[in-house]
Amino acid sequence: MLKDLLKNTDILLVICMVALVAIGVVGIYSAGYNTEVNKDEYIKQLIFFGISFVIMVVIWLMPNHIFDIGGYIIYFISLILLVAVLFTAKLMGASSWFNLGGILYQPSELMKIGYILTFAKLLIIFKKDNLNKIKKILTIIFMSLVFLLPVGLILLQPDFGTAAVFLVITLFMLFKCGIKYRYILIGIALLCILAPLVYFFVLNETQQARIDVFLDPTLDPLGSGYNAIQSQLAVGSGMLFGTGILQGVQTQLGYIPIKTSDFIYSVLSEELGFLMSVLIIVLFVIMIIRLIINSKYAQDEYLSLVVIGIAGMIFFHFVQNIGMAIGFMPITGVPLPFVSYGGSSMLTNCIALGIVLNISARKTKSFLF
């Protein structure tokens, strides 16, 4: 049994994950070297990975029918925690974390897994041929609530970056489910209409400033635009081979903000250069392609939707984090999967990969690389 699982499991996904974790640990070590607060974070990251890896292996070995009920359990527990976290003290301007004896836990992270497993199940129910029109309408209402409840609570923290992840996950799953293109176009049109309304009437001054500075960082080079400018300077100064570990000016002198998590890509780009920057992107592209392939060969449509939802989650984090580091995306607190420091993020991503490995080990047919 174990031999068969190993034979069919997508090992290339594991290789990409381990490579990204190793690169991240090097970056976290260098970023925290000249600080007191972040000095030992690379050790904690290795511990987080060790624990998360064991959990990933356990999930890989489980029968995948457990995902059906497991998704509902994770969703509802995470929903309760998202309500509770709103009453905690704000950290970096948001009530997003529980402080568990010095270790920060972010409930919105695990909610991504619960949401993917739950929403995929509801999509399968919606597609059933025996549903009458009233039941289909009720299912759509329930699906909307399943989406809006966590997103609304996350927006109250406020954390617009994490809320956007759920939108991208949903779009990936709807596209895989075969939604008609006219609905996608209608959705895009609604977003275009709602965007200015959200900007003027929903976002606070700090969030508006982030968007303004994203469009032009020089508007406030010492304030809201500081992070973007310093990050881009770090990425550009790395050139082809980088300045060397512990040798980056922006990194070691503390000009890069939140450098072990949000801007870890800037640290790695400065000290290990353009080649490392490209390697990280290549590893993520391979990972996302493998996820899409695994989705195609999953045992059934439900598992296929789960894998594509996870692909959407990884894709958004990858594009958003690297995009904000190089000035292509607005700055948010979205971490780079497997690379950025953080126990909640590492645990969630390893659980997600464990689910994919579980599904790939039981796929309907083998496929080459």
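All values reported here derive from a predicted model rather than from experimental measurement.

> Before we go on, may I ask you to explain the overall build of the protein chain in this structure?
The helix and strand inventory of the protein chain stands at 14 helices and two strands. Taken against the 2.2 N^0.38 rule, which gives 21 Å for 369 residues, the C-alpha radius of gyration of the protein chain at 21 Å falls within 12% of a compact globule. Per-residue burial over the protein chain gives 49% buried out of 369 residues. Long-range contacts, defined here as pairs at least 24 residues apart, represent 73% of the contacts in the protein chain between residues at least 6 apart. Of the roughly 17800 Å² that the protein chain leaves accessible, carbon and sulfur atoms contribute 73%. Distance between charge centroids for the protein chain: 16 Å, based on 22 positive and 18 negative side chains.

> In this structure, what is going on with a nonpolar patch on the surface? I would like to understand it.
On the surface, a cluster of nonpolar side chains totalling about 900 Å² of accessible area is made up of I186, L190, I193, L194, L197, V198, F200, F201 and V202. Tracing the backbone through its elements, the reader meets F201 in helix α8 (residues 181-201).

> Would you mind going over the state of the cysteines with me for this structure?
Evaluation of the coordinates by the stated rule reveals zero disulfides. Distance from the sulfur of C350, which forms no disulfide, to the nearest cysteine sulfur (C16) is 14 Å. A residue is classified by how much of its surface remains accessible, and C350, at 0% relative accessible area, is buried.

> Even after reading the chapter, I still don't get unusual backbone geometry, so can you show me in this structure?
Leaving glycine aside, a negative phi is the common case for residues, and trans is the common case for peptide bonds. Here the bond from Q157 into P158 is cis, since omega is -5°, no more than 30 degrees from zero. With respect to the helices, strands and loops of the structure, P158 is situated in the loop between α6 (133-155) and α7 (160-177). Backbone geometry at M239 places phi at a positive 50°, although glycine is not the residue there. The phi angle at F338 is positive, at roughly 70°, despite the residue not being glycine.

> For this particular structure, what's the right way to read the packing of helix α12 (residues 264-296) against helix α13 (residues 301-325)?
Helix-helix packing: each pair is described by the crossing angle between the helix axes and the interaxial distance. Two elements in contact, α12 and α13, have axes separated by 10 Å at closest approach and are oriented at 160°. The pairing of α12 with α13 is recorded here as roughly antiparallel in orientation. Every pair of crossing elements has a handedness; the one defined by α12 and α13 is left-handed. Facing α12, whose interface residues are Y265, S266, I280, I281, F284, V285, M287, I288, L291, I292, N294 and S295, α13 presents S304, V307, I308, I310, A311, I314, F315, F318, N321, I322 and A325.

> Please explain the packing of aromatic side chains as it appears in this structure.
Aromatic ring pairs are reported here in terms of the distance separating the ring centres and the angle at which the planes meet. With the rule as written, the count across this model stands at 10 aromatic pairs. For the pair Y115 and F147, a centre-to-centre distance of 6.2 Å together with 55° between the ring planes defines the contact as tilted. Pair noted here: Y115 is in helix α5 (residues 107-126) and F147 is in helix α6, with a separation of 32 residues, a long-range link. With a relative accessible area of 18%, F147 lands in the buried category. Seen from the ring of Y33, K39 lies directly overhead, with NZ or CZ sitting 4.9 Å from the centre. Note that K121 overlies the ring of Y302, its terminal NZ or CZ placed 4.8 Å from the centroid.

> Hey, could you run me through the nonpolar core in this one?
Note that soluble globular proteins tend to have their nonpolar side chains buried in a common cluster. Judged by nonpolar contacts, the single largest core of 93 residues is most densely connected at M17, I280, F338 and I355. With 15 residues, the top contributor of residues to this core is α13.

> How should the pattern of salt bridges be read in this particular structure?
Oppositely charged side chains can form a pair if their charged atoms are brought close together. The full count for this structure, using the stated rule, is three salt bridges. The salt bridge involving D68 is made with K121; its shortest N-O contact spans 3.0 Å. Taken together, the residues D68 in helix α4 (residues 66-85) and K121 in helix α5 connect sequence positions 53 residues apart. Accessibility expressed as a relative area gives 22% for K121, which makes it partly exposed. Between K112 and E109 there is a salt bridge, with its nearest N and O atoms 3.0 Å apart. Pair noted here: K112 and E109 are both in helix α5, with a separation of three residues, about one helical turn.

> It is not clear to me how α13 should be interpreted in this structure. Could you clarify?
Think of an α-helix as turning once every 3.6 residues; residues three or four places apart then point the same way. The terminal C-alpha atoms of α13, which comprises 25 residues, lie 36 Å apart, in line with the 36 Å expected from a rise of 1.5 Å per residue. By the criterion of burial, α13 is predominantly enclosed, with 22 of the 25 residues buried. Among the residues of α13, the N-terminal cap falls to D300, whose side-chain oxygen and the backbone nitrogen of Y302 are separated by 3.1 Å. At the exit of α13 stands G327, carrying a positive phi of roughly 90°.

The rules behind these values
Residues numbered from 1 in each chain as written. Predicted model: local features only at pLDDT ≥ 70, side-chain atom pairs only at ≥ 80, totals over all residues. Heavy atoms only, no water. Helix = DSSP H or I, 4+ residues; strand = E, 2+ residues; numbered from the N terminus. Rg over C-alpha atoms; globule rule 2.2 N^0.38 Å. Buried < 20%, exposed > 50% of the residue type's maximum accessible area, 1.4 Å probe, protein only. Contact = heavy atoms within 4.5 Å. Areas by Shrake-Rupley, 256 points an atom, 1.4 Å probe, with all protein chains shown as cover. Lys, Arg positive; Asp, Glu negative; His and termini not counted. Charge placed at Lys NZ, Arg CZ, Asp CG, Glu CD. Patch = residues over 30% accessible without salt bridge, like charges linked within 9 Å, V, L, I, M, F, W, Y side chains within 5 Å. Salt bridge = Lys/Arg side-chain N within 4 Å of Asp/Glu carboxyl O. Disulfide = S-S within 2.5 Å. Axes fitted to C-alpha atoms, helices over the stretch in contact; angles between N-to-C directions. Parallel < 35°, antiparallel > 145°, perpendicular 65-115°, else oblique. Left-handed = near helix turned anticlockwise from the far one by under 90°. Phe/Tyr/Trp six-rings, centres within 6.5 Å; stacked < 30°, edge-to-face > 60°. Lys NZ or Arg CZ within 6 Å of the ring centre and 35° of its normal. Core = buried A, V, L, I, M, F, W, Y, C linked by side-chain atoms within 4.5 Å. Expected span 1.5 Å × (residues − 1). Polar contact = N/O pair within 3.5 Å; in protein donor to acceptor, adjacent residues only side chain to side chain.

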